[in-house]
Amino acid sequence: MNTPLAAAQNLDPNSILALFSALGDVYFFMKDRDGRFIGANNLQLEKLGLSSEQELIGKTDFDFFPSYMIAHYAKDDAQVMESGEPILRRVELVANPDGSVSWYVTSKFPLYDKDGACVGIIGCMRDFERSDNAWQPYRRMNAVVDYINKHFSEPIEMAQLAKVASLSISQFERRFRIVFEQTPSRFLIRYRLTRASQILMHSDNTVSEIAQTVGFYDHSHFTREFQKLFGMAPGRYRKAHAKGGAEE
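Residues numbered from 1 in each chain as written. Predicted model: local features only at pLDDT ≥ 70, side-chain atom pairs only at ≥ 80, totals over all residues. Heavy atoms only, no water.

Student: Got a sec to walk through the overall build of the chain? Specific residues and values, please.
Tutor: Within the chain one finds 12 helices and 5 strands. Sorting the 248 residues of the chain into buried and exposed places 46% on the buried side. Carbon together with sulfur atoms contributes 50% to the accessible area of the chain, which is approximately 12900 Å² in total. (Helix = DSSP H or I, 4+ residues; strand = E, 2+ residues; numbered from the N terminus. Buried < 20%, exposed > 50% of the residue type's maximum accessible area, 1.4 Å probe, protein only. Areas by Shrake-Rupley, 256 points an atom, 1.4 Å probe, with all protein chains shown as cover.)

This is the structure:
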């Protein structure tokens, strides 16, 4: 009997790519087992700053994303390929080519050849700003996302975010964990550090100025948290990812 899994394994990757290319709010990509891109739709190419698929084929995440994000992507890719189980509707913060950051709902699936062997992954992302449908399961947190976007450089208390979500603090923290798979305070720190990493690569502002810009008013705290997430100090990160940056 031809099971759904067997049918999925025999799908032509080019047909899958054509399908997702027709969807205006979905970023779609395919990678082989070594993490090399083997296809993407036009929206994904646009996000990566590319004008054609030929510019993408054979490249990896190392060519496009900050180093700390790559380890996270690679871990998810390996999990999907080794387990055969998809990752569904995970909310993630992703850096954009212009230095900004956005929220996406991401899903990844194993990619099989005609013999049923896993040869890579296929993935899709939906941008909250482009697609209201992508945000529907998390609608309760919509106002919280907007609030963090607008006020991340200011002191933010959990009571403020709970009030924005119209929840008690305990309800808010519990529901936030379900959606984002981390505490609100950790998410806020990671959001600020992600913004800082982009500013480091795209400006000559001092590290102290950047720390204050993203809401860290204790320079040493900023440096410790940055090193914990990125594996290196802010000044070293700037040297590794941008040219001509001033360290302090």
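Student: I'd like a rundown of helix α11 (residues 219–230), residues and numbers included.
Tutor: Between its first and last C-alpha atoms α11 spans 16 Å; for 12 residues at 1.5 Å apiece the expected length is 16 Å, and the two agree. Along α11, the positions that sit buried rather than exposed are F222, T223, E225, F226 and F230. One or two steps after α11, the chain reaches G231, where phi turns positive at roughly 80 degrees. (Expected span 1.5 Å × (residues − 1).)

Student: Residues and numbers for the side chain of D76, please.
Tutor: Relative to the helices and strands, D76 is located in helix α4 (residues 67–83). By relative accessible area, D76 is classed as buried at 5%.

Student: Quick one: what's the story with the pattern of salt bridges, residue by residue and with numbers?
Tutor: In this structure the tally under the stated criterion is 7 salt bridges. A salt bridge links D77 to K31, with the shortest nitrogen-to-oxygen separation between them at 2.9 Å. Placement of D77 in helix α4 and of K31 in strand β1 (residues 26–32) is noted, with a sequence separation of 46 residues between them. In this structure D77 comes out as buried when scored by relative accessible area, which is 7%. Residue R36 is joined to D34 by a salt bridge in which the shortest nitrogen-to-oxygen separation is 3.2 Å. With relative accessibility at 57%, the residue D34 sits in the exposed group. Look at the salt bridges and you will find they share partners, linking K31, D61, D77 and K108 into a network. (Salt bridge = Lys/Arg side-chain N within 4 Å of Asp/Glu carboxyl O.)

Student: A description of the packing of helix α9 (residues 184–202) against α11 should follow, citing residues and the corresponding values.
Tutor: The packing of two helices is summarised by the inter-axis angle and the distance between the axes. At a closest axis distance of 10 Å, the pairing of α9 and α11 adopts a crossing angle of 90 degrees. Of the possible angle classes, the one that applies to α9 and α11 is roughly perpendicular. Here α9 contributes R186, I189, R190, L193, A196, S197 and L200 to the contact with α11, which in turn contributes F222, E225, F226, K228, L229 and F230. The residue inventory of the contact of α9 with α11, partitioned by class, reads 8 nonpolar, 1 polar and 4 charged. (Axes fitted to C-alpha atoms, helices over the stretch in contact; angles between N-to-C directions. Parallel < 35°, antiparallel > 145°, perpendicular 65-115°, else oblique. Contact = heavy atoms within 4.5 Å. Nonpolar A, V, L, I, M, F, W, Y, C, P; charged D, E, K, R; others polar.)

Student: Just give me the short version of the packing of aromatic side chains, but keep the residues and values in it.
Tutor: Counted under the stated rule, the structure contains 10 aromatic pairs. On the numbers, 5.4 Å between centres and 70 degrees between planes, the contact of F152 with Y191 is edge-to-face. With F152 in the loop between α6 (142–151) and α7 (158–164) and Y191 in helix α9, the pair connects residues that are 39 residues apart, well separated along the chain. You'll find F152 and Y191 in the same group, each marked buried. (Phe/Tyr/Trp six-rings, centres within 6.5 Å; stacked < 30°, edge-to-face > 60°.)

Student: Give me the nonpolar core: which residues, what numbers.
Tutor: Ranked by internal contacts, the top residues of the largest apolar core, which has 35 residues, are I148, F172, F180 and F222. Mapped onto this core, the elements with two or more residues apiece are α6, α7, α8 (169–180), α9, α10 (207–213) and α11. The element contributing the most residues to this core is α9, with 7 residues. Residues Y27, A40, L50 and L56 belong to the second largest nonpolar core, which totals 20 residues. (Core = buried A, V, L, I, M, F, W, Y, C linked by side-chain atoms within 4.5 Å.)

Student: Outline unusual backbone geometry, listing residues and values.
Tutor: Peptide bonds are mostly trans, and most non-glycine residues show a negative phi. With a phi angle near 60 degrees, S166 is a residue other than glycine that sits in the positive phi range. Structurally, the position occupied by S166 is in the loop between α7 and α8.

Student: Explain the environment of N42 residue by residue, including any values.
Tutor: Tracing the sequence through the fold places N42 in helix α3 (residues 42–47). Judged by its relative accessible area of 60%, N42 falls in the exposed class. As for N42 and F29, which are separated by 13 residues in sequence, their C-alpha atoms are 9.8 Å apart.

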